[in-house]
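Structural overview for review
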Amino acid sequence: MHMGIQAVAALIQNANLKGFFTGKIYKGDLKKVCVPGLNCYSCPGAVGACPIGSLQSFLSGLKFRFPYYVVGILIFVGALLGRAVCGFLCPFGFLQDLIYMIPFFKKNQFVLDKYLRYLKYLVLLVLVILLPLCIPLTPAFCKYVCPSGTVSGIFLALADKTIRPQLGALFHWKLIVLLIVLVSALIAWRPFCKYICPLGAFYGFFNKFALFRMHLDTEKCVHCHACEKACRMNIDPSKNPNSMECVRCGDCVRNCPTKALTQGFIPPKK
Amino acid sequence: MSKMPDKKKNILTCCFLVLGVALILTGIFQDQAKMVLVKAARICMECVGIG
């Protein structure tokens, strides 16, 4: 069910399927709207705009304009869904989930984990906001990090021969970043979401009060820690069900033996 | 914050939803939706790694 929603969401956001064969991106009016998840607008399939790319485009413009429209969309989606976007709607999150399903050595807990979590806030502040503001026409996150953009570059190069000779050192750098992310996703669950994604960092601020949130019935909770053991984001939902790190994957809800944990728009009736 | 009652959380949510809509409308009046389209309808060279 959960992966079905992710697949449908990824398909809807990349519904320009013929673009994957022609190498031509969609240019219609739907691209006025930012999609909720990380989905590069240069992906041949993309039918919407990437919110992080659009934000940087405004901030790195030659003439500064406050990006009311993009910030408004981010706040609206954040208040409505919080990081449920990461768990249900983000195509790059879905890609990581698919890779994690491949049988391989798995390790989700390690010493640096809790420190590396702060990296995504630094990425948001420095690469998405400060650098584009200080260096005009430089969407630093998209240019040097975003693996979704690299995947788009690969699709474009596969479909359009004229793109291939233009891919140089920058593409090779981004390819290395993408490979690190994908290999990490084979071992740890959602490494990009945990440590790097600026969009997840932003939506995380809304997790505590977003309309779609986790509900814990303290009377039903028997403190068995089944939820904590099930959580691949290394959160203890019985202590902090609406942690900024929670991507609403629902593993804790499914593993709770007393059904003390639920998630949704409306709290369950007691 | 985690101890905040659901009613207060919902009020906060509504405030942010209204703020979001207000910002979106402000942006639309400033033609920012069109600016997003202009950027998104061209291949972003930096994004795909051409530079």
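The rules behind the values
Residues numbered from 1 in each chain as written. Chains lettered and ligands numbered in written order. Predicted model: local features only at pLDDT ≥ 70, side-chain atom pairs only at ≥ 80, totals over all residues. Heavy atoms only, no water. Helix = DSSP H or I, 4+ residues; strand = E, 2+ residues; numbered from the N terminus. Rg over C-alpha atoms; globule rule 2.2 N^0.38 Å. Areas by Shrake-Rupley, 256 points an atom, 1.4 Å probe, with all protein chains shown as cover. Expected span 1.5 Å × (residues − 1). Buried < 20%, exposed > 50% of the residue type's maximum accessible area, 1.4 Å probe, protein only. Contact = heavy atoms within 4.5 Å. Salt bridge = Lys/Arg side-chain N within 4 Å of Asp/Glu carboxyl O. Phe/Tyr/Trp six-rings, centres within 6.5 Å; stacked < 30°, edge-to-face > 60°. Lys NZ or Arg CZ within 6 Å of the ring centre and 35° of its normal. Domains from an automatic or database assignment. Buried area = accessible area lost by both parts, 1.4 Å probe. Polar contact = N/O pair within 3.5 Å; in protein donor to acceptor, adjacent residues only side chain to side chain. Nonpolar A, V, L, I, M, F, W, Y, C, P; charged D, E, K, R; others polar.

Regarding the overall build of chain B
Per the secondary structure count, chain B includes three helices and zero strands. When the helices and strands of chain B are read in sequence order from the N terminus, they spell out α-α-α. By the compact-globule yardstick of 10 Å for 51 residues, chain B is too spread out, its C-alpha radius of gyration being 18 Å. Accessible surface for chain B amounts to roughly 3000 Å². Of this, 70% is attributable to carbon and sulfur atoms.

A closer look at helix 11 (residues 169-187) of chain A
The end-to-end C-alpha distance of helix 11 of chain A is 28 Å, a good match for the 27 Å that 19 residues give at a rise of 1.5 Å each. Buried within helix 11 of chain A we find A:Leu170, A:Phe171, A:Lys174, A:Val177, A:Leu178, A:Val181, A:Ala185 and A:Leu186. Contact partners of the buried residues in helix 11 of chain A: helix 6 (91-100), helix 9 (140-144), helix 10 (147-159) and helix 12 (191-195) of chain A together with helix 3 (45-48) of chain B.

Some details on the pattern of salt bridges
All names here are of chain A. All told, the structure shown has eight salt bridges over all chains when counted by the stated rule. Arg-117 serves as the salt-bridge partner of Asp-113, at 3.1 Å between the closest nitrogen and oxygen. For the residue pair Asp-113 and Arg-117, the accessibility class agrees, reading buried in each case. Where Lys-120 meets Glu-245, a salt bridge forms, and the shortest distance between an N and an O atom there is 2.9 Å. In this pair, Lys-120 is assigned in helix 8 (residues 119-134) and Glu-245 in the loop between helix 14 (226-230) and helix 15 (251-255), connecting sequence segments 125 residues apart. When its relative accessible area of 0% is taken as the criterion, Lys-120 is described as buried. Glu-245 sits in the buried class, given a relative accessible area of 13%. One network of salt bridges, in which partners are shared, links Asp-113, Arg-117, Lys-120 and Glu-245.

Focus: the packing of aromatic side chains
A complete count under the given rule lists 12 aromatic pairs over all chains for this structure. Relative to A:Phe265, the ring of A:Phe212 has its centre 5.2 Å away and its plane inclined at 80 degrees; by these criteria the two rings are edge-to-face. With A:Phe212 in the loop between helix 13 (198-204) and strand 1 (213-216) and A:Phe265 in the segment after strand 2 (261-264), the pair connects residues that are 53 residues apart, well separated along the chain. Under the relative-accessibility criterion, A:Phe212 is labelled buried at 10%. An aromatic cluster is present here, built from A:Phe202, A:Tyr203, A:Phe206, A:Phe209 and B:Phe16 joined pairwise through their rings. When the ring centre of A:Tyr100 is taken as reference, the NZ or CZ atom of A:Lys106 above it lies at 4.3 Å.

Some thoughts on the domain arrangement of chain A
Residues and elements named next belong to chain A. Here the domain parsing of chain A yields domain 1 (2-204) and domain 2 (214-262). Its C-alpha centre places domain 1 at a distance of 28 Å from the equivalent point of domain 2. With 16 residues of domain 1 at the contact, the number on the domain 2 side is nine residues. Of the roughly 1300 Å² buried at the junction of domain 1 and domain 2 (both faces included), carbon and sulfur atoms supply 53%. When the buried surface of domain 1 facing domain 2 is broken down by residue, Arg-83, Arg-117 and Trp-189 rank first, second and third, together holding 43% of it. Counting every contact that joins domain 1 to domain 2 gives two salt bridges. Our count for the contact surface shared by domain 1 and domain 2 stands at eight residue pairs in polar contact (both at pLDDT 80 or more). Looking at the side of domain 1 that touches domain 2, the elements with two or more residues in it are helix 5 (84-89) and helix 8. For the side of domain 1 that touches domain 2, the element with the highest residue contribution is helix 5, accounting for four residues. Split into classes, the residues belonging to the side of domain 1 that touches domain 2 amount to six nonpolar, five polar and five charged.

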